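What follows is each chain in one-letter form.
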Amino acid sequence: MTSSPCAKAAGAVAATAAALTLMALPALAVDKPSDVTRAVSTIDWSAARSAIDAASADDRTLTAAFLATEPDGFDDMAMAVMILGANTAAGLPAFRGQGNAYAAYYQLEGAQVSVMGSRTHLVDVPGLSFKHDARSYESTGDGADHMLSRFGGTYTLRITCDAPTEDARCIKPDYLAELAGSLTVVKGADQ
């Protein structure tokens with residue numbers, strides 16, 4: 001029995017959203033189990049609204065179409081939500097919001113892209129050490145991540161490819177950097 005594309009996308013969004021609770025920017029190691037404390041970042045709603053106001057007409061059309069789909073959990077979002085802009089031709093994402101975190105999922109030809117956002121971060125974790133210096137681009141074996149911070153939130157663009165050792169989108173940082181540059185804000189304060 002085969003799944004419909006919508007069912008596959010919904011399953012991928014659910015898996016990505018579940019991964020948000022485990023998301024950490026750099027690779028981390030904790031010497032011993034401990035209670036993890038998460039702090040909630042302050043969102044710069046003024047900057048997010050300014051980004052919405054500065055969006056291109058095509059991005060405004062895209063965000064209106066996205067909002068018309070009544071994305072799951074969008075109304076409860078307490079952070080600036082960003083999706084891929086109209087110039088990427090990625091279309092509308094499957095979306096799942098969870099208040100302080102969200103995932104937007106795109107199915108492309110031969111690849112899958114997720115935009116994940118979080119406004120929480122770890123604090124005061126005993127024994128926390130970094131395996132390596134954090135970078136904005138990280139290869140993940142079957143794809144790559146590109147991380148950035150905006151408006152007080154942390155965002156990760158993740159790509160996985162059907163042919164990860166051959167598809168330039170998963171090998172070279174330029175593709176994800178271009179996608180990061182295309183991000184358009186969908187949510188401002190009290191929207």
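I will try to describe carefully the structure that is included in this document. (Residues numbered from 1 in each chain as written. Predicted model: local features only at pLDDT ≥ 70, side-chain atom pairs only at ≥ 80, totals over all residues. Heavy atoms only, no water.)

1. Re the state of the cysteines
According to the stated counting rule, one finds one disulfide in the structure shown. A sulfur-sulfur separation of 1.9 Å characterises the disulfide bridge that pairs cysteine 161 with cysteine 170. The sign of the S-S torsion, about 90 degrees, decides the handedness of the disulfide formed by cysteine 161 and cysteine 170: right-handed. (Disulfide = S-S within 2.5 Å.)

2. Some thoughts on the sheet that holds strand β5 (residues 101-108)
Pairing between sheet strands relies on hydrogen bonds along the backbone, with the strands arranged either parallel or antiparallel. Ordered by their spatial adjacency, six strands build an open sheet running β4-β5-β6-β11-β10-β9, and the pairing between neighbours is antiparallel. Unpaired on one side and paired on the other, β4 (94-97) and β9 (137-139) mark the two borders of the sheet. Direction aside, the axes of adjacent strands within the sheet are offset by 15 degrees on average. In this structure, strand β6 (residues 111-118) lies alongside strand β11 (residues 153-161), joined through eight bridges in antiparallel fashion. Within the sheet, the bridge partner assigned to glutamine 112 lies in β11 and is threonine 160. Of the strands in this sheet, β5, β6, β9, β10 (143-150) and β11 touch helix α5 (residues 173-182), which is tilted by about 35 degrees from β10. (Pairing = 2+ DSSP bridges. Helix = DSSP H or I, 4+ residues; strand = E, 2+ residues; numbered from the N terminus. Axes fitted to C-alpha atoms, helices over the stretch in contact; angles between N-to-C directions. Contact = heavy atoms within 4.5 Å.)

3. Focus: the pairing of β10
Most of β10 sits out of view: six of its eight residues are buried. Counting the residues in the hairpin turn of β9 and β10 gives three residues, including glycine 141, whose phi is positive at 95 degrees. Across eight bridges, β10 lies against β11 in antiparallel orientation. Looking across to β11, one finds that aspartate 145 is bridged to arginine 158. Counting the residues in the hairpin turn of β10 and β11 gives two residues, including phenylalanine 151, whose phi is positive at 60 degrees. (Buried < 20%, exposed > 50% of the residue type's maximum accessible area, 1.4 Å probe, protein only.)

4. Quick look at the pattern of salt bridges
Opposite charge on two side chains allows them to pair when their charged atoms are near. Counted according to the given criterion, the structure contains three salt bridges. Salt-bridge contacts for arginine 96 lead to aspartate 72; the nearest nitrogen and oxygen are separated by 3.4 Å. You can see arginine 96 sitting in strand β4 and its partner aspartate 72 sitting in the loop between α3 (57-68) and β3 (82-83), a full 24 residues away along the chain. Judged by relative accessible area, which is 29%, arginine 96 ranks as partly exposed. In this structure, arginine 158 and aspartate 145 form a salt bridge, with 2.7 Å as the shortest nitrogen-oxygen distance. A residue pair is termed long-range when its members are at least 10 positions apart, and arginine 158 in strand β11 and aspartate 145 in strand β10 qualify at 13 residues. (Salt bridge = Lys/Arg side-chain N within 4 Å of Asp/Glu carboxyl O.)

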